[in-house]
Amino acid sequence: MLKLAFKMAEQLIAPHLCPACDAEVADRGLCSNCWIDLKLISSQACGQCGLPFDIPMIDVLNGHVCGQCLMDPPDFDHAVSALVYADPTRRMILALKHGDRQDIAPVLARIMAPKTIPLIEAADFILPLPLHRSRFFKRRFNQSAELTRQILALHGGGRMMDTRILIRKKATPPQGKKSKAQRISAMRGAFQVPTDQRHRVKGKHILIIDDVLTTGASLSSAARCLKLADAREISVSTVARVC
Ligand SMILES: [Zn+2]
Ligand SMILES: [Zn+2]
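Worth saying up front: this structure is predicted, and the values here are computed from it rather than measured.

Visitor: Help me understand the overall build of the chain, please; the structure alone is not making it clear to me.
Guide: When its secondary structure is counted, the chain shows 11 helices and 8 strands. Within the chain, contacts between residues separated by at least 24 positions form 73% of all contacts whose residues are at least 6 apart in sequence.

If you want it as structure tokens, here you go:
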């Protein structure tokens, strides 16, 4: 009874809000309307970049890889995304990134979990896509690190993220409306495996967690950097991807 009274009092003081539309909800999480509007990506997707396939036969024909990956593959080996980057997902990610709504990270981490857990189990190291120091000071947190922390708290079995093996040495301006070629060029040399970490990376499977895969240029650049340090395999998991 006392617990229930406390819960009711807490709700009266600060009602829970849907992270996507600010409607009042009974518990932490999305409202039913926003749940219905989420565009989930099924397992019918490119094994390398996570692009959803419309035609089920295509993965039989070309071995689970989309045409883009056949022509110009990214430097990571596998990518999974839980959702298509469209509203209400877009609103939640923007609120997490720029709206000081860190309470959204656990909601997104729960949605990412089913596709991410097998990668966590297979990986030797799990890390967020690093943010440059200047961006970190401006924003005060790395949204990818928040997602990584939350997903490991829920499903990591005591494992911790490792932020030492990859650092961001170049501050890149927001990639907003840039083309894929411009993004690739902007990301060149953006990451570094510190010299004293290279022996740890060698031969290892590394999982990078990020919020959105747009063209994949940042994640591919991070993967290339780790591969140059002799990492064996790079997997990527993002909340959402642009399709
Ligand atoms: Zn909502
Ligand atoms: Zn692909």
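Back to the write-up after that little detour.
Visitor: It is not clear to me how the environment of Arg149 should be interpreted in this structure. Could you clarify?
Guide: With respect to the element layout, Arg149 can be found in helix H8 (residues 143–155). A count of 19 C-beta atoms within 10 Å places Arg149 in the partly exposed class. In this structure, the C-alpha to C-alpha distance between Arg149 and Met161, residues 12 residues apart in sequence, is 7.1 Å.

Visitor: Help me understand unusual backbone geometry in this model?
Guide: What you tend to see is this: most non-glycine residues have negative phi, and most peptide bonds are trans. Here Asp87 and Pro88 are connected by a cis peptide whose omega angle stands at 5°. Here Pro88 lies in the loop between strand S3 (78–84) and helix H5 (89–98). Positive phi, close to 65°, is recorded for Asp22, a residue that is not glycine. Within the secondary structure, Asp22 sits in the loop between strand S1 (16–17) and strand S2 (24–25). What makes Asp22 exposed here is the crowd of 11 C-beta atoms within 10 Å. The backbone phi angle of Asp230 is positive, close to 70°, even though this residue is not glycine. Mapped onto the secondary structure, Asp230 falls in the loop between helix H11 (217–228) and strand S8 (233–241).

Visitor: Would you explain the sheet that holds S8 in this entry?
Guide: The strands that make up a sheet pair up through hydrogen bonds in the backbone, lying either parallel or antiparallel. Spatially, the 4 strands line up as an open sheet ordered S3-S8-S7-S4, and their pairing is parallel. Strands with a single pairing partner mark the edges of an open sheet, and in this sheet they are S3 and strand S4 (125–128). Each strand of the sheet is rotated relative to its neighbour by a mean of 20°, with strand direction disregarded. Two strands pair when backbone bridges link them, and S3 and S8 are joined in this way by 6 bridges, in the parallel orientation. The partner of Val80 across the bridge, within S8, is Ser237.

Visitor: Quick question: what am I supposed to make of the confidence of the model for the chain here?
Guide: Caution applies to low-pLDDT regions: their predicted coordinates should not be interpreted in detail. For the chain, the mean per-residue pLDDT works out to 87, and 89% of the residues sit at or above 70. Every residue in residues 58–62 is under pLDDT 50, and counting partners more than four places away or in other chains gives 4 contacts.

Visitor: Before we go on, may I ask you to explain H11 in this structure?
Guide: Owing to its 3.6 residues per turn, the α-helix brings residues three or four apart onto one side. Compared with the 16 Å implied by 1.5 Å per residue over 12 residues, the 16 Å span of H11 between its first and last C-alpha is a close match. Judged by how many residues are buried, H11 sits mostly within the fold: 9 of 12 residues are covered. Among all positions in H11, only Ala217, Ser218, Leu219, Ser220, Ser221, Ala222, Ala223, Cys225 and Leu226 are buried. On its buried face, H11 sits against helix H9 (180–187), strand S6 (191–192), helix H10 (198–201), strand S7 (205–213) and S8. Two residues or fewer past H11, Asp230 is found with a positive phi of approximately 70°.

What counts as what
Residues numbered from 1 in each chain as written. Chains lettered and ligands numbered in written order. Predicted model: local features only at pLDDT ≥ 70, side-chain atom pairs only at ≥ 80, totals over all residues. Helix = DSSP H or I, 4+ residues; strand = E, 2+ residues; numbered from the N terminus. Contact = placed C-beta atoms within 7 Å. Buried ≥ 20, exposed ≤ 12 C-beta atoms within 10 Å, placed from the backbone. Pairing = 2+ DSSP bridges. Axes fitted to C-alpha atoms, helices over the stretch in contact; angles between N-to-C directions. pLDDT = per-residue confidence, 0-100. Expected span 1.5 Å × (residues − 1).

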